[in-house]
Amino acid sequence: MKFIYQTWWKILAVVLVFYTLIAGLLFHVPTLPILHETIRNLYFHVPMWMAMFSVFFISVVFSIMYLNTGKEEYDLASVECVNTGMMFFVLGLVTGMMWAKYTWGEYWSNDPKQNSAAIAFLLYCAYVVLRNSIDEEQKRGKISSIYNIFAFPIMVVLIMVLPRMTDSLHPGNGGNPAFGKMDLDNRMRVVLYPAFIGWALIGVWIASIRYRIRLIEHKKNTIN
Amino acid sequence: MKKLSSIILFLLIFTTVFAQQSAGVEMADTLRSSGKIYVVITTIAIVFIGIIIYLFSIDRRLKKLEK
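Each chain carries its own residue numbering, running from 1 in the written order of its sequence. By the order in which they are written, chains take letters starting at A while ligands take numbers starting at 1. Local features are withheld for residues below a pLDDT of 70 in this predicted model, meaning they are given only at 70 or higher, and side-chain atom pairs are given and counted only at 80 or more; totals for whole chains, interfaces and linings count all residues. By convention in this description, side-chain values take in all heavy atoms of the structure and omit both hydrogens and water.

1. Brief notes about the overall build of chain A
Right, on to step 1. In this description a helix means any DSSP run of H or I spanning at least four residues, a strand means any run of E spanning at least two, and both kinds are numbered starting from the N terminus. A count of helices and strands for chain A gives six helices and zero strands.
Right, on to step 2. In sequence order, chain A lays out its α and β elements as α-α-α-α-α-α.
Right, on to step 3. Each residue is placed in one exposure class: buried if its accessible area under a 1.4 Å probe, protein chains only, is under 20% of its type's maximum, exposed if it is over 50%, and partly exposed if it falls in between. Within the span of chain A, comprising 224 residues, buried residues form 47% of the whole.
Right, on to step 4. Contacts: residue pairs with any heavy atoms within 4.5 Å of one another. A separation of at least 24 residues holds for 74% of the contacts in chain A among residues at least 6 apart in sequence.
Right, on to step 5. Element-wise, carbon and sulfur atoms account for 69% of the exposed surface of chain A, whose accessible area totals about 11200 Å². Using a 1.4 Å probe, the Shrake-Rupley method yields the accessible areas, and only the shown protein chains count as cover for residues.

Written out as structure tokens, the structure reads:
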């Protein structure tokens, strides 16, 4: 846990995201019909999901560590990771809706990708409700950890796997490749991958701040 | 003769459609070449720097609180 008190990776995150903000608007992008300049959204919409996947995955790791050791801190870290991930979930959904309005013609066209993303969001809402409905600390920690471990793979299947098996407007579904030759050339990767790492680290940073606040609150509550 | 001319006509129609498709993708080249995109980038950069300074200050306050 010493890692979260260090500064170097926070600066790394800032530098990477700052670079993608500038390079994402200036560097060359392929000229594609319908998309036009909105293809630059790729640098800002997709990293939201990457940040979400990262913090949700870290949350699962902490849940497993909590079940192994029974230490309260791991449970708190896991919860704050989920809370941060849900913020990025909403950002990803809203930016996706914005982009869809100008390329698919509708904010919400009941596309399989959109629908299953919404279901996955409800899955994590259920996690928060479940957690807040249990008063006893150990029981709450255990039940919510187990729920979290099961929710993660279901979320991945809902967002990444199921939409690919049907026809969807979203790239990477229904036989049209995401990150294929059509919609991503190598000059875009130079910006996209740093954006993934940068935003994921920013997600971890926000989660770590929330965790530290939660830890102080927790200590205060146990002393009183 | 009529058949042949209509076939040629259709072929020509196809070429015009095709030409439109390949040259018709509009990008915001004028905005970028006239240099105004830098205004947008500066705005975004200022917003981002502001948020980051805010995050760092929260981090610092937390460090004090933890001690």
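2. Let's talk about the confidence of the model for chain B
Residue and element names in this part refer to chain B.
Right, on to step 1. Here chain B shows a mean pLDDT of 73. Residues at 70 or above account for 55%.
Right, on to step 2. Element-level mean pLDDT values for chain B span from 58 in helix α1 (residues 2–23) up to 88 in helix α3 (residues 37–66).
Right, on to step 3. Per residue, pLDDT captures the predictor's confidence, and it can take any value from 0 to 100. Long-range and interchain partners of residues 18–22, a stretch whose pLDDT sits below 50, account for zero contacts in this model, where long-range means more than four residues apart.

3. Side note on helix α4 (residues 112–132) of chain A
Since one α-helical turn is 3.6 residues long, residues separated by three or four positions face the same way.
Right, on to step 1. For a helix, the expected span equals 1.5 Å multiplied by the number of residues minus one. When the terminal C-alpha atoms of α4 of chain A are compared, their 30 Å separation across 21 residues agrees well with the 30 Å that a helix rising 1.5 Å per residue should span.
Right, on to step 2. Within the span of α4 of chain A, buried status applies to K113, Q114, S116, A117, A120, F121, L123, Y124, Y127 and R131 of chain A.

4. Notes on the interface of chain B and chain A
Right, on to step 1. In this assembly, 21 residues from chain B lie in contact with 27 residues from chain A.
Right, on to step 2. Carbon and sulfur atoms make up 77% of the area that chain B and chain A hide from each other, which totals about 2200 Å².
Right, on to step 3. Think of a salt bridge as a Lys or Arg side-chain nitrogen and an Asp or Glu carboxyl oxygen that are within 4 Å of each other. Run the count over chain B and chain A and you get three salt bridges.
Right, on to step 4. We note a salt bridge from R212 of chain A to D59 of chain B, for which the minimum N-O separation is 3.3 Å.
Right, on to step 5. Between N or O atoms, a polar contact is any pair within 3.5 Å; within protein, one atom must be a potential hydrogen donor and the other a potential acceptor, and residues adjacent in sequence are included only when both atoms are from side chains. At the boundary of chain B with chain A, the tally comes to four residue pairs in polar contact (both at pLDDT 80 or more). What gets called buried area is simply the loss in accessible area from a 1.4 Å probe that two parts show on being joined, summed for both.

5. Some words on the side chain of S208 of chain A
Right, on to step 1. Following the sequence through the fold, S208 of chain A ends up in helix α6 (residues 186–223).
Right, on to step 2. Residue contacts for S208 of chain A: discarding those within four places in its chain leaves I4 and W9 of chain A.

6. Structural notes on the nonpolar core
Right, on to step 1. Nonpolar cores are built from buried Ala, Val, Leu, Ile, Met, Phe, Trp, Tyr and Cys residues. Side-chain atoms within 4.5 Å join them into one set. In this structure, M52, F56, F89, Y124, M155, I159 and W199 of chain A are the most contacted members of the largest nonpolar core, which totals 43 residues.
Right, on to step 2. Counting only elements with at least two residues in this core, the list comes to α1 (8–26), α2 (42–69), α3 (72–103), α4, α5 (137–161) and α6 of chain A together with α3 of chain B.
Right, on to step 3. Among all residues touching W199 of chain A, those that are not within four sequence positions of it are V17, P47, M48, A51 and F88 of chain A.
Right, on to step 4. Counting residues in each nonpolar core, the second largest holds 13 residues, with Y43, V46, L192 and F196 of chain A among its members.

7. Notes on the pattern of salt bridges
Two side chains bearing opposite charge may form a pair once their charged atoms approach each other closely.
Right, on to step 1. Taken as a whole, this structure holds seven salt bridges over all chains when the rule is applied.
Right, on to step 2. Note that D75 of chain A is salt-bridged to R131 of chain A, the shortest N-O span being 3.2 Å. Taken together, the residues span a long stretch of sequence, with D75 of chain A in helix α3 and R131 of chain A in helix α4 at a distance of 56 residues.
Right, on to step 3. R131 of chain A gets classed as buried once you look at its relative accessible area, which sits at 5%.
Right, on to step 4. Taken together, the shared-partner salt bridges connect K10 and R212 of chain A together with D59 and E66 of chain B into one network.

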